[in-house]
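The chain contents come next:
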Amino acid sequence: MKVRVKAEMCEGHGKCEKAAPEIFKLGDDDISIVLIEGDLPKELEEKAERAYRLCPRQAIELIP
Amino acid sequence: MTAPAIEPSDINLNNPEHFQREEFHELLRILRHRDPVHWNPPGEVSNGFWSITKYEDILFISRRPEIFISSKGIAGPGIKPEKLAELDFAAQQQNAGGNASIITMDPPRHVKMRRLVNKGFTPRAVNAMEPEIRRVTNEILDRIAHKGECDFVLEVASQLPLAVICGMMGVEQKDWPLMFELTNKVLGSGDPEYQTDIPEEERGTGQAARLTAMKGLQTMLEYFRGVLEDRRQNPRENDLPTILLEAEVDGEKLTEGDILQFCFLLIVAGNETTRNAISGGLQVLCQHPDQKRALIEDPSLMDTAIEEILRWTSPLHHMARTATEDVELRGKQIRAGDRVLMWYPSANRDEDVFPDPYRFDIRRTPNDHLAFGIGEHFCLGAGFARKELKVMFEELFRRFPDIEVVGPPERLRSTFINGIKHMPVQFTPER
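All values derive from a computational prediction rather than experimental measurement.

Caption draft 1: A look at the overall build of chain A. The secondary structure content of chain A amounts to two helices and four strands. Going from N to C terminus, chain A has its helices and strands arranged as β-α-β-β-α-β. Taking 11 Å as the expected radius of gyration for a compact globule of 64 residues, we find that chain A reaches 10 Å, a close match to that expectation. Put simply, 63% of the contacts in chain A that link residues at least 6 apart link residues at least 24 apart.

Below is the structure:
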């Protein structure tokens, strides 16, 4: 599974960073950055799914 | 003897009485358990609509803004097309769903318009405003401090969100009462208390509501026409009207109509909903004295308490969408063109998501409520709402820890806004 943030949707709520700090970090402009390029390690997939679900703007895309 | 059981087919959620009398939680519970995708038949004037009452189904719809669109109207079922011609111009205007504010806009234009202003609403921007919000809160509390009693809605809850949004919009303080009055006309249009332009014997009808909303809208647009005229000559820093006047989308300036609708939306959305969360929050805390005491003794509970207040009060009863294609949901066939109403207080009491959902619990974690909606149209002002609630309750309980609601709150007659119009409180005055 890969993760992408749609920067045009992100408004810096930071729910993803809280749910999965290994994967997401808010940048200086408050837009979420994905820290892991390419496929996520299996053990992080559940956290990525939680972040996807929690994002108020639904700015996170999970690519199987 | 027990009352006869209510069947889903008996339930008409287009009746504002159910909401004014607070019967709606029970009706929503019946629908959620027995007919979670429920067809509400048309009324004499209004369209039929689907009532969506499960959390997961509201997520499903909110995640598909291209299929479930906002541009045909976001509040209520709308008026039957064949009735439009019989009603006057005002009603037709209202049914058109407004021409161009972001709340009634669909992808892809919605995001582009929203991005013109959303930098002013991020958590970072909200945190930067916190000292100012605290200063304004204490000014408001100073005005009641010696009185020992007041109408909490008029004198406290309404004043903070009004000051914050009017400040961001550069509305002069002398005009804040007018913004309050016009907001009530637009969002409380179905309540006779605000139908002051209608002869008394005609108040309370659907037509009175439509005319009242239209009058509030027109007066506010007229007001902001004056503001824009001023800002063209005297642009200001950090001023939303100035930002909108200078902004471009797809290489084009916004039309005056677009900007006026934007200003109108920011004012009404910015002051009505947070007002009701503050009032409803104090009400529910006073109904649970043990939890109120726990919060006063341990202010570190404030963040989870605010989320629980938001879940509990769900300041908007619903948002409406219109399907653009046929969609099957829980075995029901939603047709292209059908209106769907997403009932947030029901999602926020969905047993599949919230354990023991009818228990108010200021420590509830997790608390992924949908009080602000979710997705494309997630409340732009959510950060301000949370901050205003937090600062208000911190300062209110610091200064007036024994504040109590001392009479029944007067509720708004509306299927859309979970409003409280008046709520008497008493407290030990400051010396």
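Next, the rest of the story.
Caption draft 2: Quick look at the overall build of chain B. Tallying secondary structure elements over chain B gives 17 helices and 14 strands in all. Expected size for 431 residues packed as a compact globule is a radius of gyration near 22 Å; at 21 Å, chain B falls within 12% of this value. Projected onto its principal axes, the C-alpha positions of chain B cover 70 × 60 × 45 Å.

Caption draft 3: Highlighting the sheet that holds strand β3 (residues 68–69) of chain B. Residue and element names in this part refer to chain B. Strand order in the open sheet made by the five strands is β1-β2-β10-β7-β3, with mixed pairing throughout. Only two strands of the sheet have a single partner each, and these edge strands are β1 (37–40) and β3. Here four bridges tie β1 to strand β2 (residues 49–52), and the two strands are oriented antiparallel to one another. Bridge pairing in β2 links Asn40 to Phe49.

Caption draft 4: Summary view of the nonpolar core. In this structure, Val340 and Met342 of chain B are the most contacted members of the largest nonpolar core, which totals 111 residues. It is helix α13 (residues 256–287) of chain B that contributes the most residues to this core, 13 residues altogether. Each residue touching Val340 of chain B, except ones within four places of it in the same chain, is listed here: Phe49, Trp50, Ile52, Ile61, Phe68, Ala320, Arg321, Ala323 and Ile334 of chain B. Grouped together as the second largest cluster of nonpolar side chains are 14 residues, Cys16, Ala20, Ala51 and Ile60 of chain A included.

Caption draft 5: Quick peek at helix α3 (residues 55–62) of chain B. Buried within α3 of chain B we find Tyr55, Asp57, Ile58, Ile61 and Ser62 of chain B. Down the axis of α3 of chain B, the sector holding all buried residues measures 165°, keeping them to one side.

Caption draft 6: Examining the interface of chain A and chain B more closely. Counting residues at the interface gives eleven residues for chain A and twelve residues for chain B. Split into classes, the residues belonging to the side of chain A that touches chain B amount to three nonpolar, four polar and four charged.

Caption draft 7: Local environment of the pairing of strand β10 (residues 339–343) of chain B. Residue and element names in this part refer to chain B. The buried count for β10 comes to five of five residues, which makes it a mostly enclosed element. Residues Arg339, Leu341 and Trp343 of β10 are buried on one face, and the alternating residues Val340 and Met342, pointing to the opposite face, are buried as well. In terms of strand pairing, β2 meets β10 through three bridges, oriented parallel. Each bridged residue has a counterpart across the sheet, and for Ile52 the counterpart in β10 is Met342.

Caption draft 8: Quick peek at helix α17 (residues 382–399) of chain B. The end-to-end C-alpha separation of α17 of chain B is 26 Å, in line with the 26 Å expected for 18 residues at 1.5 Å each. For α17 of chain B, the tally of buried residues reaches 13 of 18 residues, placing the bulk of the element in the interior.

Caption draft 9: Geometry of the packing of helix α9 (residues 159–169) of chain B against α13 of chain B. Residue and element names in this part refer to chain B. Direction vectors running N to C along α9 and α13 enclose 160°, while the axes themselves pass 8 Å from each other. One element, α9, and the other, α13, form an angle in the roughly antiparallel class. Once α9 is placed against α13, the crossing between them reads as right-handed. When α9 is examined against α13, the residues Pro161, Leu162, Ile165 and Met169 are found in contact with a partner set consisting of Cys263, Leu266, Ile267, Gly270, Asn271, Thr274 and Arg275.

What counts and how
Residues numbered from 1 in each chain as written. Chains lettered and ligands numbered in written order. Predicted model: local features only at pLDDT ≥ 70, side-chain atom pairs only at ≥ 80, totals over all residues. Helix = DSSP H or I, 4+ residues; strand = E, 2+ residues; numbered from the N terminus. Rg over C-alpha atoms; globule rule 2.2 N^0.38 Å. Contact = placed C-beta atoms within 7 Å. Pairing = 2+ DSSP bridges. Core = buried A, V, L, I, M, F, W, Y, C linked by C-beta atoms within 7 Å. Buried ≥ 20, exposed ≤ 12 C-beta atoms within 10 Å, placed from the backbone. Arc of directions from axis to C-beta. Nonpolar A, V, L, I, M, F, W, Y, C, P; charged D, E, K, R; others polar. Expected span 1.5 Å × (residues − 1). Axes fitted to C-alpha atoms, helices over the stretch in contact; angles between N-to-C directions. Parallel < 35°, antiparallel > 145°, perpendicular 65-115°, else oblique. Left-handed = near helix turned anticlockwise from the far one by under 90°.

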